[in-house]
Amino acid sequence: MLDTTMLLTVVIGLMIAGFAGYLFYLQRKNQREENQDQKGSVQLRLQAYERLALLTDRIALPNLISRLGNPDVSASEMQFLLSKHIKDEFDYNISQQIYVSPEVWNAIRNLKEHNLSIIHQVGSTVSSLAPASTLNRAILEYLMQDPKSGLHEIVSEALSYEAKKIL
């Protein structure tokens, strides 16, 4: 009888130890999975910041003008090309907003709207039949006089700052 009680105590003790070990194993497994998920999330967020930094650079008006500068088109055609390119770049990257802070996304959106506004504002002062170079020169001159012309640099700095915070 004493041996049966002792055997039962040992078996129950082993079952409790086994159950506790199994719970410990599950906890560690869940922690590893959470760490992997967090690493994946950080990677996605960093990629979003990289893509938005590239977007910011690509829609900066001086860069856009140098990339799209076509002397064979009219000012109105160039105005259309510049606007379309900005909108297309923005639309292509719109999904990245879910990975960045609302402040950064608003800055990106404001940069887009600011650049489109400049293109249309300056474009309205240039004859639509003038060569594209006339519009391009007028936009660059406007940017040199506008204190907000460095907006793309400010947005780039904000992107860089936020990306460094998540590292």
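Residues numbered from 1 in each chain as written. Predicted model: local features only at pLDDT ≥ 70, side-chain atom pairs only at ≥ 80, totals over all residues. Heavy atoms only, no water.

### Digging into the overall build of the protein chain
(1) Moving on: For the protein chain, the count of helices and strands is six helices and zero strands.
(2) Moving on: Scanning the protein chain from its N terminus toward the C terminus, one meets helices and strands in the order α-α-α-α-α-α.
(3) Moving on: Here the C-alpha radius of gyration of the protein chain, 29 Å, is well above what a compact globule of 167 residues would show, namely 15 Å.
(4) Moving on: Each principal axis of the C-alpha atoms in the protein chain carries an extent, and together these give about 110 × 30 × 20 Å.
(5) Moving on: Burial status across the protein chain gives 32% buried among its 167 residues.
(6) Moving on: As displayed, the protein chain has an accessible area near 11000 Å², and 59% of this comes from carbon and sulfur atoms.
(7) Moving on: Charge separation in the protein chain, taken as the distance between the mean sites of 16 positive and 18 negative side-chain charges, equals 3 Å. (Helix = DSSP H or I, 4+ residues; strand = E, 2+ residues; numbered from the N terminus. Rg over C-alpha atoms; globule rule 2.2 N^0.38 Å. Buried < 20%, exposed > 50% of the residue type's maximum accessible area, 1.4 Å probe, protein only. Areas by Shrake-Rupley, 256 points an atom, 1.4 Å probe, with all protein chains shown as cover. Lys, Arg positive; Asp, Glu negative; His and termini not counted. Charge placed at Lys NZ, Arg CZ, Asp CG, Glu CD.)

### Considering the pattern of salt bridges
Any two side chains of opposite charge can pair, given that their charged atoms come close.
(1) Moving on: This structure, assessed with the given rule, holds three salt bridges.
(2) Moving on: Residue Lys84 is joined to Asp88 by a salt bridge in which the shortest nitrogen-to-oxygen separation is 2.7 Å. Here Asp88 and Lys84 lie together in helix H3 (residues 75–92), a separation of four residues that amounts to about one turn.
(3) Moving on: Across the pair Lys112 and Glu113 runs a salt bridge, and its minimum N-O distance is 3.0 Å.
(4) Moving on: Assessed through its relative accessible area of 12%, Lys112 is described here as buried.
(5) Moving on: According to the relative accessible area criterion, Glu113 is partly exposed, its value standing at 42%. (Salt bridge = Lys/Arg side-chain N within 4 Å of Asp/Glu carboxyl O.)

### Considerations on the packing of aromatic side chains
(1) Moving on: This structure, assessed with the given rule, holds one aromatic pair.
(2) Moving on: Sitting over the ring of Phe90, Lys112 keeps its end group 4.3 Å from the ring centre. (Phe/Tyr/Trp six-rings, centres within 6.5 Å; stacked < 30°, edge-to-face > 60°. Lys NZ or Arg CZ within 6 Å of the ring centre and 35° of its normal.)

### Here we look at helix H2 (residues 61–68)
(1) Moving on: The complete set of buried residues in H2 reads Leu61, Leu64 and Ile65. Looking down the long axis of H2, one finds its buried residues gathered within 100 degrees of arc, a one-sided arrangement. (Arc of directions from axis to C-beta.)

### So, the side chain of Thr56
(1) Moving on: Tracing the chain through its elements places Thr56 in helix H1 (residues 2–58).
(2) Moving on: Contacts of Thr56, omitting those with residues within four sequence positions, involve Ile108, Leu111, His152, Val155, Ser156 and Leu159. (Contact = heavy atoms within 4.5 Å.)

### Overview of the environment of Ser127
(1) Moving on: Position of Ser127 among the secondary structure elements: in the loop between helix H4 (102–123) and helix H5 (132–145).
(2) Moving on: A relative accessible area of 43% places Ser127 in the partly exposed class.
(3) Moving on: In the structure, Ser127 is positioned 51 residues away from Ser76 in sequence and 7.9 Å away in space, judged by C-alpha atoms.

### Topic: the nonpolar core
(1) Moving on: Among the nonpolar cores identified, the biggest contains 35 residues, and Leu61, Leu82, Ile108, Leu135 and Ile139 are the most heavily contacted of them.
(2) Moving on: Every element with two or more residues in this core is listed here: H1, H2, H3, H4, H5 and helix H6 (151–166).
(3) Moving on: Looking at this core element by element, the count peaks at eight residues for H4.
(4) Moving on: Ignoring anything within four residues of it in the chain, the contact list for Leu82 reads Leu64, Ile65, Leu68, Ile119, Leu135, Asn136 and Ile139. (Core = buried A, V, L, I, M, F, W, Y, C linked by side-chain atoms within 4.5 Å.)

### What about the confidence of the model for the protein chain?
(1) Moving on: In this model, the protein chain carries an average pLDDT of 88, and 94% of its residues clear a pLDDT of 70 or more.
(2) Moving on: Looking over the protein chain, one finds the lowest element-wise mean pLDDT in H1, namely 80, and the highest in H3, namely 96. (pLDDT = per-residue confidence, 0-100.)

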